[in-house]
Amino acid sequence: MPKHGQKSMAFLKRARKVIPHGVNSNFRYNGDATPVVAHAKGAYVYDFDGKRYIDYRLGYGPIILGHAHPYVNQRVQQAIEGGVTFAATQEYEVRVAERIVEMCPGVEMVRLSNSGSEATMHAIRLARAYTGRDKILKFEGCYHGGHDHVLWSTASGKLEETGDRHHPRAYKQSLGIPEILRNLIEVAPWNDIEILGDILEEKGEEIAAIILEPILGNGAALMPQLAFLQFLREQCDRYGIVLIFDEVKTGFRIAPGGAGEYFGVLPDLSTFAKALGNGYPIAAIGGKQEIMMHIGPGKVFHGGTYAGNVVATAAADATLELMQAGKVFPQIEKTGSMLMQGIEEILSRYGIPHRLHGTPGMFGITFMEENPLDWRDLHKADWELYEDIVAVMRERGVMPTSDGFEPFFLSAAHTEADVAETLEAFEAGVKQVLVKQN
Ligand SMILES: Cc1ncc(COP(=O)(O)O)c(C=O)c1O
């Protein structure tokens, strides 16, 4: 496990006195190696001892342009001079909605929220109201936020408690979730047409929504089989189910128009967050007008005091403006591909069985011979090897997440020099692990 310097460790201890485990999200906890950041700029984060890290965690995905991006910050500073929260429709939220509609195929209308969890919560409620059905189907390994209806069978679930793959059992991911909600949830293995077909044949007409991560963003960025996405679209049409792509991680990251553009399969509703605001807290629910217009007074509730606030929408307006100007994705494509190819080359050279998954902006590595197709397969990978390599990288000032289910994220601020330095650290990690093994 990588060690913190003295000042960073002292800071973590201070945090633990007043914040359970010293973190404001369980995902950030990693014992004494829990990351601490004093400040960040571009592709780098700095700890309290002044150590610089090339950052591939990027806040778990939101930072698409780079930390503290000057243009985004300048636009936010300008905007907040005119006030930040009005409980009234303001310019920036309309601009953001217009941009999302322009960029994302199939999205005709948009409502804004503050976090990915709020977006999935509202999208599911909307689907239930639209169909008049209560049940939802989600896939094993997909994470859709912290609310009770979706915190089942997520990536950190226990394989031994999820039943066999033909009869998957929903696994409750937190204490405190009412057991009765189990009646409202069906789970299925991701990427498996046969099992999904069987479940739908029996229960398709009871299901309001199928929600999924189109790329397994909480499972080493595994890619879907195109036939799986196409099957989902067909089956949802057949049974009158609302298809929800949870694009909180993939949206505005794998392509300007997200998974709809990337795979050419369009959902009925999408949820976006993370890269939409380059780190400012904003989320969106978007989709077909026919469904979105069920939101409204006396119909489906959607709201929030801070929904569509000036700070977040000014940041998103600036972020999307840069994406639409074509400046963001070519850079990420270039550096992300270099990094993926470099890792591939090193692991092949050292004869370590491995697989790379995902896209240049968001990719994962699994140490295994066969190609994993879903969350169950991911348990066959050698995660200890992954953690040992990452520990060496962190000592050398490169910071991917130490949990290999979480992908490497790239931003437009990462340079070719950053990639070269990262590959050196990666190779050093591989060498050290091999020495330890022999
Ligand atoms: C796919 C997906 N959906 C929803 C969420 C929840 O978003 P938030 O943490 O903003 O509530 C996340 C968070 O990581 C996510 O990865």
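Note: the structure precedes this text.
Just so you know, these numbers come straight off a predicted model, no measurement behind them.

## Description of the site of the ligand
- Neighbouring residues of the ligand: 15 residues in total, closest Ser115, Gly116, Ser117, Gly145 and Val248.
- With three residues, helix H4 (residues 116–131) is the single largest residue contributor to the shell around the ligand.
- Looking at the shell around the ligand, its residues break down into four nonpolar, eight polar and three charged.

## Some points on helix H3 (residues 91–103)
- End to end, H3 covers 19 Å across 13 residues, agreeing with the expected 18 Å (1.5 Å per residue, within 8%).
- For H3, the full list of buried residues reads Tyr92, Glu93, Val96, Ala97, Arg99 and Ile100. The buried residues of H3 occupy one face: seen down the axis, they fall within an arc of 160°.
- Buried residues along H3 sit against helix H2 (70–80), strand S4 (109–113), strand S10 (283–287) and helix H9 (310–324).

## As for the nonpolar core
- Grouped together as the largest cluster of nonpolar side chains are 120 residues, with contacts concentrated most on Ala127, Ala209, Ile210, Val242, Ile244 and Ala284.
- When residues of this core are assigned to domains, at least three fall in each of domain 1 (6–64 + 328–437) and domain 2 (70–324).
- Residues contacting Val242, with those up to four places away along its chain left out, are Ala127, Tyr130, Thr131, Ala208, Ala209, Cys236, Asp268, Leu269 and Ile291.

## Structural notes on unusual backbone geometry
- Phi angles above zero are rare outside glycine, and Leu58 is one such case at about 50°.
- Positive phi outside glycine occurs at Ala68, with the angle close to 50°.

## A look at the packing of helix H12 (residues 383–395) against helix H13 (residues 416–437)
- Orientation of H12 relative to H13, taken along the N-to-C sense of each, is 125°, at an axis distance of 8 Å. One element, H12, and the other, H13, form an angle in the oblique class. For the element pair H12 and H13, the recorded crossing hand is right-handed. In this structure, H12 contributes Leu385, Asp388, Ile389, Val390, Val392 and Met393 to the contact, and H13 contributes Ala425, Phe426, Ala428, Gly429, Val430, Gln432 and Val433.
- Here the residues of the contact of H12 with H13 are counted per class, giving 10 nonpolar, two polar and one charged.

Quick notes on the rules
Residues numbered from 1 in each chain as written. Predicted model: local features only at pLDDT ≥ 70, side-chain atom pairs only at ≥ 80, totals over all residues. Near = placed C-beta within 6 Å. Helix = DSSP H or I, 4+ residues; strand = E, 2+ residues; numbered from the N terminus. Nonpolar A, V, L, I, M, F, W, Y, C, P; charged D, E, K, R; others polar. Expected span 1.5 Å × (residues − 1). Buried ≥ 20, exposed ≤ 12 C-beta atoms within 10 Å, placed from the backbone. Arc of directions from axis to C-beta. Contact = placed C-beta atoms within 7 Å. Core = buried A, V, L, I, M, F, W, Y, C linked by C-beta atoms within 7 Å. Domains from an automatic or database assignment. Axes fitted to C-alpha atoms, helices over the stretch in contact; angles between N-to-C directions. Parallel < 35°, antiparallel > 145°, perpendicular 65-115°, else oblique. Left-handed = near helix turned anticlockwise from the far one by under 90°.

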